[in-house]
Amino acid sequence: MGDRPESAGIVLENLDLGIQFDTWTSYRFSDHFLTPADGWSMTLGDESVGDQLIAKLQPGQTVRLTINGHVTSTGYIDAVSVSTDRSSGTNVTIEGRDKMGAVVDGSIDPLTRFTAKQTIFDVASAVLTPFNFSTFAVDNDVNVGVITGQL
């Protein structure tokens, strides 16, 4: 694959359906420090689209995005839209965000209480565990190592 981004092996796996998509007419991945959830959009072209697939893809399904075999993001489908035109046929655009999207859309249980003796780890655990987060790390170098496949 080399260092050319356009030749990267980009795969979106729908974990709920057990299917993978690796051929795109277009894709976008937005990762910004000040944005709390990484968003993405991927469009499948006519040759890989059918009524059965369209009926199966639903918002809320769990997906994993990998680039060259390295997990880049895990999250949920937010929207599925279908478009058609004479030149490209039927296209399906799948949009979603990483797991933090659910946290951004949600809210903390109003009965949750914090004390002065709790650590930031305790607070993060109390807030994020209801959103299916179970592992917490504070080392960004480890995070970058996992995303880039170095760890």
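None of these values were measured; they are calculated from a predicted model.

Q: Before we go on, may I ask you to explain the overall build of the protein in this structure?
A: Each helix and strand counted, the protein has four helices and seven strands in total. Reading the protein from its N end, one meets helices and strands in the order β-β-β-β-α-β-β-β-α-α-α. With respect to the three principal axes, the spread of C-alpha positions in the protein is 65 × 40 × 25 Å. Counting over 151 residues, the protein shows a buried share of 28%.

Q: In this structure, what is going on with the sheet that holds strand β4 (residues 39–44)? I would like to understand it.
A: Across a sheet, strands are paired by hydrogen bonds formed along the backbone, either parallel or antiparallel in direction. Taking strand neighbours across the sheet as the criterion, the seven strands line up as β2-β1-β5-β6-β7-β4-β3 in an open arrangement whose pairing is antiparallel. Unpaired on one side and paired on the other, β2 (19–21) and β3 (26–30) mark the two borders of the sheet. Each neighbouring strand pair of the sheet contributes to a mean axis angle of 30 degrees, computed without reference to strand direction. Of the strand pairs in this sheet, β3 and β4 are connected by five bridges, and their pairing is antiparallel.

Q: Which parts of the structure should I look at to understand the pairing of strand β5 (residues 62–67)?
A: Along a regular strand, successive side chains alternate from one face of the sheet to the other. Pairing analysis gives five bridges linking strand β1 (residues 10–14) to β5, with the strands arranged antiparallel. Directly across from Leu12, in β5, lies its bridge partner Leu65. Relative to strand β6 (residues 70–85), β5 runs antiparallel, the two being bridged by six bridges. Considered in β6, the bridge of Ile67 is made with His70.

Q: How should I be thinking about the nonpolar core in this particular structure?
A: Generally speaking, soluble globular proteins have nonpolar side chains that are buried together. Judged by nonpolar contacts, the single largest core of 15 residues is most densely connected at Leu12 and Ile94. At the level of elements, β1, β4, β5 and β7 (89–98) are the ones that each hand at least two residues to this core. Every residue in contact with Ile94, bar those within four places of it in the chain, is listed here: Leu12, Phe21, Trp40, Ser41, Met42, Leu44, Leu57, Ile77 and Ala79.

Q: I tried to follow unusual backbone geometry on my own but got confused; where do I start?
A: A positive phi angle is found at Asn68, which is not glycine, with a value near 50 degrees. By the secondary structure assignment, Asn68 is in the loop between β5 and β6. Given a relative accessible area of 34%, Asn68 falls into the partly exposed group. Phi is positive for Asn132, which is not a glycine, with a value near 70 degrees. Summarising the element assignment, Asn132 is placed in the loop between α3 (120–128) and α4 (140–148). Judged by relative accessible area, which is 60%, Asn132 ranks as exposed.

Q: What's the story with the environment of Thr25 in this structure? I'm lost.
A: Relative to the assigned elements, Thr25 resides in the loop between β2 and β3. When its relative accessible area of 48% is taken as the criterion, Thr25 is described as partly exposed. Taking the C-alpha atoms as reference points, Thr25 and Ser87, 62 residues apart in sequence, are found 13 Å from one another. Apart from the residues lying within four places of it in its own chain, the contact partners of Thr25 are Thr43, Leu44, Gly45 and Asn91.

Conventions used here
Residues numbered from 1 in each chain as written. Predicted model: local features only at pLDDT ≥ 70, side-chain atom pairs only at ≥ 80, totals over all residues. Heavy atoms only, no water. Helix = DSSP H or I, 4+ residues; strand = E, 2+ residues; numbered from the N terminus. Buried < 20%, exposed > 50% of the residue type's maximum accessible area, 1.4 Å probe, protein only. Pairing = 2+ DSSP bridges. Axes fitted to C-alpha atoms, helices over the stretch in contact; angles between N-to-C directions. Core = buried A, V, L, I, M, F, W, Y, C linked by side-chain atoms within 4.5 Å. Contact = heavy atoms within 4.5 Å.

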